[in-house]
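Tertiary structure, described
Spelled out from the first residue to the last, the chains are:
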Amino acid sequence: QVQLVESGGGLVQPGGSLRLSCEAPRIIFNNYAMGWYRQAPGQQRELVARIDNGGSTDYLDSVKGRFTISRDNAKNTVYLQMNSLKPEDTAVYYCNARHSSNYHLWGQGTQVTVSS
């Protein structure tokens, strides 16, 4: 069973920063676009950021300028650096791998809570 292993969630005050990490098997990392989704209570899961094999990125409008997605090809790891966090960023964040055929793989999710 393919696993995407996430880490880095937690509790942070508004204005603070967190970095999420997601390690994938090499065959997945090299052939899938990697990204992060989030789901807040009572809300639909939404795409936060995505990076393809060429390094092109897409971001949710509300996180542009605050969040940065990056990938370390040597470590098969994708990162989400989250700065200037707001209470509305509170959600479970899921690592995602998407194949060009639109097949998706998911991590187990990591809780991010932004609160004073």
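Let us look at the structure shown here. Keep in mind it's a predicted model, so treat the numbers as computed, not measured. (Residues numbered from 1 in each chain as written. Predicted model: local features only at pLDDT ≥ 70, side-chain atom pairs only at ≥ 80, totals over all residues. Heavy atoms only, no water.)

Quick word on the state of the cysteines
A full pass over the atoms with the stated rule returns 1 disulfide. Here Cys-22 pairs with Cys-95 through a disulfide, and the sulfurs are 2.0 Å apart. An S-S torsion of about -80° defines the bridge between Cys-22 and Cys-95 as left-handed. Placement of Cys-22 in strand S3 (residues 18–23) and of Cys-95 in strand S9 (residues 91–98) is noted, with a sequence separation of 73 residues between them. Across this residue pair, the class does not change: Cys-22 and Cys-95 are buried. (Disulfide = S-S within 2.5 Å. Helix = DSSP H or I, 4+ residues; strand = E, 2+ residues; numbered from the N terminus. Buried < 20%, exposed > 50% of the residue type's maximum accessible area, 1.4 Å probe, protein only.)

Considerations on the pattern of salt bridges
Counted by the stated rule, this structure contains 4 salt bridges. Between Asp-61 and Lys-64 there is a salt bridge, and its shortest N-O distance comes to 3.0 Å. Given a relative accessible area of 60%, Asp-61 falls into the exposed group. Three or more residues joined by partner-sharing salt bridges are found here, namely Arg-38, Glu-46, Arg-66 and Asp-89. (Salt bridge = Lys/Arg side-chain N within 4 Å of Asp/Glu carboxyl O.)

Notes on the nonpolar core
Of all hydrophobic cores here, the largest spans 28 residues; its most connected members are Met-34, Trp-36, Val-78, Leu-80, Met-82 and Tyr-93. Every residue in contact with Met-82, bar those within four places of it in the chain, is listed here: Gly-16, Ser-17, Leu-18, Leu-20, Arg-66, Phe-67, Tyr-93 and Val-112. (Core = buried A, V, L, I, M, F, W, Y, C linked by side-chain atoms within 4.5 Å. Contact = heavy atoms within 4.5 Å.)

A short note on unusual backbone geometry
The phi angle at Ser-84 is positive, at roughly 50°, despite the residue not being glycine. By the element assignment, Ser-84 lies in the loop between strand S8 (77–82) and S9. On the basis of relative accessible area, Ser-84 is assigned to the partly exposed category, the value being 40%. Non-glycine residue Asn-102 carries a positive phi angle of around 75°. Mapped onto the elements, Asn-102 comes out in the loop between S9 and strand S10 (104–106).

Here's the deal with the pairing of S9
Counted residue by residue, S9 has 6 buried out of 8 residues, so it is predominantly covered. Inspection of the sheet shows strand S4 (residues 33–39) paired to S9 by 7 bridges, in the antiparallel sense. Within S9, the residue paired with Ala-33 across the bridge is Arg-98. By the bridge criterion, 3 bridges tie S9 to S10 in an arrangement that is antiparallel. Residue pairing for S10: Arg-98 is matched across the bridge by His-104. Turn length for the S9-S10 hairpin, with the two strands adjacent in sequence and antiparallel, is 5 residues, and the turn residue Asn-102 shows positive phi of about 75°. (Pairing = 2+ DSSP bridges.)

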